[in-house]
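# Results of the structural survey
What follows is each chain in one-letter form.
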Amino acid sequence: MHWMILPFKRYADFQGRSRRMEFWMFQVLNLIVAAVTVGPAIALAPATTESDYYAGDGGFAASGGFESSIADSPLSMIFIGLYGLYALAALIPSIAVTVRRFHDRDMSGWWYLGFIVMSLIPLIGIIASIALLVIMFLPGTAGPNRFGPDPKDPYDEEVFA
């Protein structure tokens, strides 16, 4: 649990380094929150059937079709709103922990902006997303680097100072 909330404790700290454990546990927390909030919103949404979209004569039904959605359930909208608030609160810590992961690999945090821009380009975005995922899986540089001491070294007093 400590690793999951550490990015919130270091809310807008773009300095230093973060271990893989901190990054991935924060991603697991985001996944859990999404499942707990969006899952019930989808489950509570009114069901639509194929007959809602087609008229009895086999043609398309002009009324009563696509209007039925998650927005028809007030309880679903509450869950979606809760997730939206969480996503807004987690945006800055998510960016910060990713930048610190780049620092752990002895890379500038500006690489993250480059990956975001590349991900907007069709086809190249897929490759950039895979490359970003691989970088997040790679271990950090051993020992201190230009961004600070090694966060895996428990005997260094400056790790989380």
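Residues numbered from 1 in each chain as written. Predicted model: local features only at pLDDT ≥ 70, side-chain atom pairs only at ≥ 80, totals over all residues. Heavy atoms only, no water.

## Topic: the overall build of the protein chain
- A tally of regular secondary structure across the protein chain gives 5 helices and 0 strands.
- Secondary structure elements of the protein chain, listed N to C terminal, follow the sequence α-α-α-α-α.
- A buried classification covers 30% of the 161 residues belonging to the protein chain.
- Only carbon and sulfur atoms are counted for the fraction: they give 71% of the accessible area of the protein chain, which is about 10000 Å². (Helix = DSSP H or I, 4+ residues; strand = E, 2+ residues; numbered from the N terminus. Buried < 20%, exposed > 50% of the residue type's maximum accessible area, 1.4 Å probe, protein only. Areas by Shrake-Rupley, 256 points an atom, 1.4 Å probe, with all protein chains shown as cover.)

## Examining a nonpolar patch on the surface
- Taken together, the side chains of Leu44, Leu75, Ile78, Leu82 and Leu85 present a nonpolar region at the surface, about 470 Å² in accessible area.
- Of all the elements, helix 3 (residues 74-104) adds the most residues to the nonpolar patch, at 4 residues.
- Tracing the sequence through the fold places Leu44 in helix 2 (residues 20-44).
- For Leu44, a relative accessible area of 39% corresponds to the partly exposed category. (Patch = residues over 30% accessible without salt bridge, like charges linked within 9 Å, V, L, I, M, F, W, Y side chains within 5 Å. Salt bridge = Lys/Arg side-chain N within 4 Å of Asp/Glu carboxyl O.)

## Focus on the packing of helix 2 against helix 5 (residues 124-137)
- One can describe the packing of helix 2 onto helix 5 by two numbers: an axis separation of 9 Å at closest approach and a directional angle of 125 degrees. The angle between the axes of helix 2 and helix 5 places the two elements in the oblique class. Side by side, helix 2 and helix 5 meet where Arg20, Phe23 and Trp24 of the first sit next to Leu133, Met136 and Phe137 of the second.
- Classifying every residue of the contact of helix 2 with helix 5 gives 5 nonpolar, no polar and 1 charged. (Axes fitted to C-alpha atoms, helices over the stretch in contact; angles between N-to-C directions. Parallel < 35°, antiparallel > 145°, perpendicular 65-115°, else oblique. Contact = heavy atoms within 4.5 Å. Nonpolar A, V, L, I, M, F, W, Y, C, P; charged D, E, K, R; others polar.)

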